[in-house]
Amino acid sequence: MTDPQTVTAPTPRIPADQLHAYVRAIWERAGSTPREAELVADHLVAANLTGHDSHGVGMIPRYVESLADKQLQLNRHAELMKDAGAVLTIEGGKGFGQVIAFEAIERGIERARQIGICAVGLRGAHHIGRIGHWAEQCARAGLVSFHFVNVAGDPLVAPYGGADRRIGTNPFCAAYPRPGKPPLVLDFATSTIAYGKTRVAYNQGKHTPPGALIDHAGMPTLEPKVMHEAPFGSLTPFGGYKGFGLAAMCEIFGGALSGGFTTHADTLGTTHAIINCMLSVIIDPAAFDAPDAQAEADAFLAWVKASPLAAGSGQIYEPGEPERVTRAQREAAGIPVDPATWTQINHAARTVGVSEAEVGEWAARLR
Ligand SMILES: NC(=O)c1ccc[n+]([C@@H]2O[C@H](COP(=O)([O-])OP(=O)(O)OC[C@H]3O[C@@H](n4cnc5c(N)ncnc54)[C@H](O)[C@@H]3O)[C@@H](O)[C@H]2O)c1
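It should be emphasised that the depicted structure is a prediction, and the values quoted were computed from it without experimental measurement. (Residues numbered from 1 in each chain as written. Predicted model: local features only at pLDDT ≥ 70, side-chain atom pairs only at ≥ 80, totals over all residues. Heavy atoms only, no water.)

1. Considerations on the nonpolar core
Link 1 in the chain: Core analysis: the largest hydrophobic core is formed by 62 residues, its most contacted members being Tyr22, Trp27 and Ile60.
Link 2 in the chain: By residue number, the principal contributor to this core is helix α5 (residues 97-115), which donates eight residues.
Link 3 in the chain: Of the residues that make up this core, three or more belong to each of domain 1 (1-68 + 320-367) and domain 2 (78-191 + 237-287).
Link 4 in the chain: With ten residues, the next largest nonpolar core counts Val157, Val226, Met227 and Leu235 among its residues. (Core = buried A, V, L, I, M, F, W, Y, C linked by side-chain atoms within 4.5 Å. Buried < 20%, exposed > 50% of the residue type's maximum accessible area, 1.4 Å probe, protein only. Helix = DSSP H or I, 4+ residues; strand = E, 2+ residues; numbered from the N terminus. Domains from an automatic or database assignment.)

Shown next, in the form of structure tokens:
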């Protein structure tokens with residue numbers, strides 16, 4: 001557990017636009033173009049706004065470590081390796097995932113608009129963060145999408161029935177746009193909790209939920225330190241063999257079909273880099289003969305939301321709704337950044353050349 005001070009101190013809140021400006025400043029100082037720094041800041045701050053602090057600004061220290069390892073490549077762009085009409089294969093070259101995935105999805109959107117559907121195999125991108133961000137990019141263009149992602153060569157999750165880490169936290173995501181209404185966005189890691197959530201719990205001195213972790217001996221534990229200090233334990237797959245099965249398909253669709261790589265003894269990463277591969281299928285709903293699709297979707301959602309609430313339940317949410325609620329709250333009240341995470345971000349800022357005086361200035365401005 002971390003210093004108990006971090007548990008009791010109130011968590012400072014930072015307005016999203018100011019946090020965005022600080023993140024931009026850090027990456028511009030590191031050497032990113034203003035456009036790259038902006039896309040990275042857009043993504044990280046949006047992840048915090050949706051409540052996914054595991055994929056927000058707290059990732060900056062890890063990215064700076066990956067840069068120092070000469071893994072993360074600044075100012076790279078998505079490179080089209082093969083254009084087979086409805087299927088595009090794109091190489092990420094360890095460029096910033098926040099740029100590479102944005103550009104890959106832009107290409108997929110353009111093609112799906114032309115011919116109704118596009119499958120994009122993206123390989124070798126540095127961490128592409130919160131996958132819902134890419135599904136929302138498709139939804140803003142009026143397109144349905146689903147995404148299978150592997151975290152290549154970075155096992156953190158035990159297979160169903162296994163006792164050590166063999167698979168990445170391989171997220172799955174699907175989104176359905178609704179004209180005039182927010183899209184449905186289902187977006188989750190196939191581990192019981194995302195790895196980043198163990199970092200947040202570790203930094204905050206909190207336990208993780210029961211069933212989420214096993215220790216190095218394969219025994220259940222609530223201690224997030226098993227993911228951050230040796231001897232290392234593992235995350236469990238969500239939903240037993242079903243989550244394990246979905247993780248396996250994410251590994252193969254994302255890692256193998258894209259021409260990237262899957263996790264096995266020959267591909268284990270030894271650096272701070274997180275490499276993602278993603279298969280995204282993007283579909284124009286107008287290409288189907290389905291004039292009642294929106295009405296049917298709306299009728300279904302109204303139907304499930306009319307269910308009597310179970311004991312202890314406050315509300316029935318549709319996929320993506322909890323993130324919208326959190327976004328509205330955080331846009332109004334600011335983004336909470338716990339002291340341990342804040343210290344780590346400032347340390348990372350200094351590492352890329354932000355001076356002590358500037359860090360102090362930002363700290364004063366962001367208070
Ligand atoms: N890039 C990577 O390598 C990588 C790896 C793993 C996870 N991730 C990202 O981590 C993020 C967090 O993943 P997670 O598994 O912790 O997510 P999570 O467990 O919070 O689940 C989020 C999903 O469940 C829905 N949801 C949450 N509470 C709900 C409720 N009460 N009722 C109905 N629906 C509800 C949300 O709308 C969302 O679709 C995701 O954005 C994922 O893309 C990225």
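Text resumes after the structure shown.
2. Some details on the sheet that holds strand β4 (residues 117-126)
Link 1 in the chain: A sheet is described by the order of its strands in space; here seven strands give the open sequence β2-β3-β4-β11-β5-β6-β7, paired in mixed fashion. Looking along the sheet, the strands with just one partner apiece sit at the ends: β2 (79-83) and β7 (181-188). The average angle at which neighbouring strand axes cross in this sheet is 15°, direction not considered.
Link 2 in the chain: Summarising the sheet, strand β6 (residues 172-178) and β7 pair through six bridges and their orientation is antiparallel. Bridging across to β7, arginine 178 finds its partner in lysine 181. (Pairing = 2+ DSSP bridges. Axes fitted to C-alpha atoms, helices over the stretch in contact; angles between N-to-C directions.)

3. Focus on the side chain of histidine 147
Link 1 in the chain: Within the fold, histidine 147 resides in strand β5 (residues 144-151).
Link 2 in the chain: With relative accessibility at 0%, the residue histidine 147 sits in the buried group.
Link 3 in the chain: Within polar-contact distance, the side chain of histidine 147 engages the side chain of serine 145 at 2.7 Å.
Link 4 in the chain: At a separation of 2.8 Å, a polar atom in the side chain of histidine 147 contacts the side chain of serine 280. (Polar contact = N/O pair within 3.5 Å; in protein donor to acceptor, adjacent residues only side chain to side chain.)

4. Brief notes about helix α7 (residues 195-204)
Link 1 in the chain: By the criterion of burial, α7 is predominantly enclosed, with eight of the ten residues buried.
Link 2 in the chain: Here α7 has its buried residues at Gly196, Thr198, Arg199, Val200, Ala201, Tyr202, Asn203 and Gln204.
Link 3 in the chain: One or two positions beyond α7, positive phi appears at glycine 205, with a value near 70°.

5. Describing unusual backbone geometry
Working note: non-glycine residues mostly have negative phi, and peptide bonds are mostly trans.
Link 1 in the chain: The omega torsion of the bond from alanine 230 to proline 231 falls at -5°, within 30 degrees of zero and hence cis.
Link 2 in the chain: Mapped onto the elements of the fold, proline 231 is located in the loop between β9 (220-221) and β10 (234-235).
Link 3 in the chain: Unusually for a residue other than glycine, lysine 70 sits at a positive phi of about 65°.
Link 4 in the chain: Its location among the elements puts lysine 70 in the loop between α4 (60-68) and β2.
Link 5 in the chain: Take lysine 70: its relative accessible area is 68%, and that puts it in the exposed class.
Link 6 in the chain: With a phi close to 60°, asparagine 75 is a non-glycine residue in the positive phi region.
Link 7 in the chain: Checked against the element boundaries, asparagine 75 lands in the loop between α4 and β2.

These figures come from the coordinates and say nothing about function on their own.
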